[in-house]
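Below are the chains, spelled out letter by letter.
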Amino acid sequence: MQRLFERVAALAGTPLRVHITGETGTGKNHLAYLFRQHAVTEGRPFVEINAANLPDALLEAELFGFRRGAFTGAERDADGVLTRAQGGILFLNEVGELSEPGQAKLLTVLDTGLYRRLGDPDERLFKARLLSATNRNLLELVGAGEFRG
């Protein structure tokens, strides 16, 4: 455990993307919150979203945000988690549960660094560190064609 904590401490100050994997109950969230503690201490945001709770109908609005009038019920502008995490850390918890359309949209942002709020013609640059966690073996899922890698 001590080696693990030392590794987290060494990684905490870097911009590297980090993926935490392990069985349910092994402390993945505790490790993520060590990164959170580092970010908050430095005055940077830590934004968490649970991918298992993201229905496809709300996915884009939650991730990207939206402008007033972008869809029925969008009565005001709203920032998504990508915007709220700017300059800090975006923690995608249970990323292995993200739907295929959600994976494609997120992968586009990670590949290009760009995203657009719903109803907004202007692109934005995603400048945050990505931290993810899952109890699923993503390498196996990629190999089986069930997860985009």
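Being a predicted model, the structure only gives us computed values, none of them experimental.

Draft legend 1. Layout of the sheet that holds strand β2 (residues 46-50). Strand order in the open sheet formed by four strands is β1-β8-β5-β2, with parallel pairing between adjacent strands. Each edge of the open sheet carries a strand with a single partner, namely β1 (18-21) and β2. The sheet shows a mean angle of 15 degrees between the axes of neighbouring strands, taken without regard to direction.

Draft legend 2. Inspection of the pattern of salt bridges at higher detail. Within this structure, the stated rule accounts for eight salt bridges. With its nearest N and O atoms 2.9 Å apart, the salt bridge here joins R44 to E42. Given a relative accessible area of 46%, E42 falls into the partly exposed group. Among the ionic pairs, E123 bridges to R116, the shortest N-O distance being 3.5 Å. Exposure remark for E123: the relative accessible area of 48% places this residue in the partly exposed category. Put simply, R67, D79, R117, D120 and R124 are held in one network by salt bridges that share partners.

Draft legend 3. Region of the structure containing the side chain of D120. Within the fold, D120 resides in the loop between β6 (114-115) and β7 (124-125). At 3.0 Å, the side chain of D120 and the backbone nitrogen of D122 are in polar contact.

Draft legend 4. Representation of unusual backbone geometry. Phi at E94 takes a positive value of approximately 55 degrees, unusual for a residue other than glycine. One can find E94 in the loop between β5 (89-93) and α5 (100-112).

What counts as what
- Residues numbered from 1 in each chain as written.
- Predicted model: local features only at pLDDT ≥ 70, side-chain atom pairs only at ≥ 80, totals over all residues.
- Heavy atoms only, no water.
- Pairing = 2+ DSSP bridges.
- Helix = DSSP H or I, 4+ residues; strand = E, 2+ residues; numbered from the N terminus.
- Axes fitted to C-alpha atoms, helices over the stretch in contact; angles between N-to-C directions.
- Salt bridge = Lys/Arg side-chain N within 4 Å of Asp/Glu carboxyl O.
- Buried < 20%, exposed > 50% of the residue type's maximum accessible area, 1.4 Å probe, protein only.
- Polar contact = N/O pair within 3.5 Å; in protein donor to acceptor, adjacent residues only side chain to side chain.

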